[in-house]
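What follows is the residue order along each chain.
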Amino acid sequence: MGVSHIKLNKRAASNVIKLGIVGFELQSKTAMDLFFMQHRSMYSLVSAEHADVLIIDMEHPAVKPVVEQYRNSRPIIAVTATENEFPGFETLRKPLDGKRLIKAINQAIESFVPADGDQQPDNQVRNEGEKAFQAYQKRLATGRQAMADYKTITSDRDQNSSEVRQRFQLDNQPAPVNPESEDDVVKVEADTVAPPKAQVESAVAVPVGRKAAEKKPQDVKARLSYQMVYECCGNAPDVNMYEPDQRRRVFFKEDSTLLAILQQAIVEGEAQKVPVEITGLPGTLAYIPEHKKFLFDFSEDLLIPLALTRFGYQELTLKVRPDLDLERPSVTGSKVLLVESDEMIWKLALWTSKGRLNRNIDPEQPHRLTKGLDFERLLAIPHATTISSLWGRHSLSALEVVKVLKIHQRYVFSFMTAAYALGAFRSK
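All figures in this text were calculated on a predicted structure; none of them were measured in a lab.

Cut-offs used in this document
- Residues numbered from 1 in each chain as written.
- Predicted model: local features only at pLDDT ≥ 70, side-chain atom pairs only at ≥ 80, totals over all residues.
- Heavy atoms only, no water.
- Helix = DSSP H or I, 4+ residues; strand = E, 2+ residues; numbered from the N terminus.
- Areas by Shrake-Rupley, 256 points an atom, 1.4 Å probe, with all protein chains shown as cover.
- Pairing = 2+ DSSP bridges.
- Axes fitted to C-alpha atoms, helices over the stretch in contact; angles between N-to-C directions.
- Contact = heavy atoms within 4.5 Å.
- Buried < 20%, exposed > 50% of the residue type's maximum accessible area, 1.4 Å probe, protein only.
- Arc of directions from axis to C-beta.
- Polar contact = N/O pair within 3.5 Å; in protein donor to acceptor, adjacent residues only side chain to side chain.
- Core = buried A, V, L, I, M, F, W, Y, C linked by side-chain atoms within 4.5 Å.
- Parallel < 35°, antiparallel > 145°, perpendicular 65-115°, else oblique.
- Left-handed = near helix turned anticlockwise from the far one by under 90°.
- Nonpolar A, V, L, I, M, F, W, Y, C, P; charged D, E, K, R; others polar.

Enquirer: Can you break down the overall build of the protein chain residue by residue, with the values?
Expert: What the protein chain contains, in helices and strands, is 16 helices and 16 strands. With the model as given, the accessible surface of the protein chain reaches about 21,400 Å², and the carbon-plus-sulfur share is 50%.

So this is what it looks like as structure tokens:
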């Protein structure tokens, strides 16, 4: 109904729909690229001007000209995290999943009515095209869901895994100051304003359980790109926590996230003393309790979009794998990566948080760190060592830490969520 003659003939002939993805953040775009890559016999990703269907993130500030340019010439799927409706478009709520996305594409094409100049009066041709496309839709209905489609990984995943692994390593030596590169990287240091030398000793009291020989916070530095800081802390502005509508924005539910099932895998593995695999992911991801490490054989780049994914009931499950061993991993991937369990939980919690706070945490409740956090191993976000030092010496709420340090809420909320996931806090 209402699909132009030219477009229907193209689809009937090639069975490939050209999709344009506009305005999405890197992790969402990567996830969709991977999903449609596995359906490349049915879809291809092209630029907006060559697309049959546009998938547009309506919250992105730069998409308005694209919407105005193409609103009358092709079907548009309006993706939104709000309750807004977009007349004339197929509206799709976040978070996205493959099944709903395919359904939205089909509905957008079916319901699209082109401008008068594009209408085709030949009913016979239109009906034949519609029949062909309906048959195509039935074939789509038998397709696999998004996360199952991740299981086929591209041949360059070894290279990507290596690059991402290096990307999150901390330097052993303090990073040199390079004024010319300040626009490209963020230098993560202990304090936004360096304290007087006489106050340094009192400002870096060691939290409980921390070795005295470790470097002081002001000596721990790392170089993170703006993209990496954004992935861990987002860019949301501070909100008034006493306004219910604003307060609601800073929380996320841990249920149905990869972070939650990762923690379950640790509990199950420690209880049974055998490796436990998380099934339903793009490859093997398993906890090895003997070594307290996670083993996986796919690119770390995938973990970032997976951290933000809300999984359906039983989409991810735990499976006991006594055959897994560090010496003989018995996994299908061409390269196996091993990560300490605390490093994996810390990273995943940061990516899941993205500047928000786990709903299980009360931001007004005082907390104190019960163990030290080693930022020569753990990914150091901006102000991490300063926050760690303060919370290691005092019992404070998250909002009090924001006030004392005069830093953005998103840095404290990400830090607190990750430390909470590691079990490093006690409330008082």
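There's plenty left to go through after this.
Enquirer: Explain the sheet that holds strand β12 (residues 317-320) to me, using residue names and the numbers behind them.
Expert: What the five strands build is an open sheet, ordered β12-β9-β10-β11-β13; its pairing is antiparallel. Edge strands, defined here as strands with exactly one partner in the open sheet, are β12 and β13 (337-340). This sheet shows a mean twist of 25° between the axes of neighbouring strands, independent of strand direction. The pairing of strand β9 (residues 276-279) with strand β10 (residues 285-288) spans two bridges and is antiparallel. Within β10, the residue paired with E277 across the bridge is A286. Most of the contacts of helix α13 (residues 341-353) go to β13, to which it runs at about 85°, and overall it touches β10, β11 (293-296) and β13.

Enquirer: How would you explain the sheet that holds strand β3 (residues 53-57) if you had to name every residue and give the values?
Expert: Ordered in space as β2-β1-β3-β4-β5, the five strands form an open sheet in which the pairing is parallel. Across the chains shown, the open sheet's two edge strands, defined by having one partner strand only, are β2 (43-45) and β5 (90-93). Looking at each pair of strands side by side, their axes are set apart by 25° on average, direction ignored. Relative to β2, strand β1 (residues 17-22) runs parallel, the two being bridged by three bridges. Along β2, the bridge assignment pairs L19 with L45. Together, β1, β2 and β3 form the strand contacts of helix α2 (residues 26-38), whose direction differs from that of β1 by roughly 170°. Lying over the sheet, helix α4 (residues 98-111) contacts β1, β2, β3, β4 (76-80) and β5, oriented at roughly 165° with respect to β5.

Enquirer: Break down helix α15 (residues 398-405) for me, with residues and values.
Expert: Within the span of α15, buried status applies to A398, L399, V401, V402 and L405. Down the axis, α15 shows its buried residues gathered within 160° of arc, on one side only. Along its buried surface, α15 packs onto α14 (384-393) and α16 (409-421). In the stretch just after α15, K406 is the one whose phi turns positive, near 55°.

Enquirer: Run through the pairing of β11, naming residues and quoting values.
Expert: Of the pairings in the sheet, the one linking β10 to β11 comprises four bridges and is antiparallel in character. Pairing of A286 across the sheet is with L295, part of β11. Here β10 hands over to β11 after four residues, with K292 in that stretch at a positive phi of 55°. Bridge count for β11 against β13 is four bridges, and the pairing is antiparallel. Within β13, the position partnered with K293 by the bridge is E340.

Enquirer: Requested: an account of the side chain of H367, with residues and values cited.
Expert: Relative to the elements of secondary structure, H367 occurs in strand β15 (residues 367-369). Its relative accessible area of 7% is what places H367 among the buried residues. A distance of 2.7 Å separates the side chain of H367 from the backbone oxygen of Q365, its partner in a polar contact. Ignoring any residue separated from it by four or fewer positions in sequence, one finds H367 in contact with I361, D362, W391, H394, S395, L396, S397, M416, F425, R426 and S427.

Enquirer: Any chance you could break down the nonpolar core for me, citing the residues and the numbers?
Expert: Judged by nonpolar contacts, the single largest core of 68 residues is most densely connected at L258, L285, W346, L373, W391 and F415. If one sorts the elements of this core by residue count, α16 sits on top with eight residues. Look past the residues within four positions of W346 in its chain and what remains in contact with it is L373, F375, L378, L379, F415, A418, A419 and L422. Judged by nonpolar contacts, the second largest core, of 19 residues, contains F24, V53, L92 and I109.

Enquirer: Please give an account of the packing of α13 against α16 that cites residues and values.
Expert: Interhelical geometry of α13 versus α16 gives an angle of 140° and a closest axis separation of 8 Å. The pairing of α13 with α16 is recorded here as oblique in orientation. Of the two elements, α13 crosses α16, and the hand of that crossing is right-handed. Mapping the contact onto sequence places I345, W346, A349, L350 and S353 in α13 and F413, S414, F415, T417, A418, A419 and A421 in α16. Within the contact of α13 with α16, the residues separate by chemical class into nine nonpolar, three polar and no charged.

Enquirer: Go over the environment of V402 with me, naming the residues and quoting the values.
Expert: Tracing the backbone through its elements, the reader meets V402 in helix α15. Exposure remark for V402: the relative accessible area of 12% places this residue in the buried category. A C-alpha to C-alpha distance of 9.9 Å links V402 and D238, two positions 164 residues apart in sequence. Beyond its immediate stretch of four places on either side in the chain, V402 contacts I407, Q409 and V412.

These results come straight from atomic positions and should not be treated as a statement about function.
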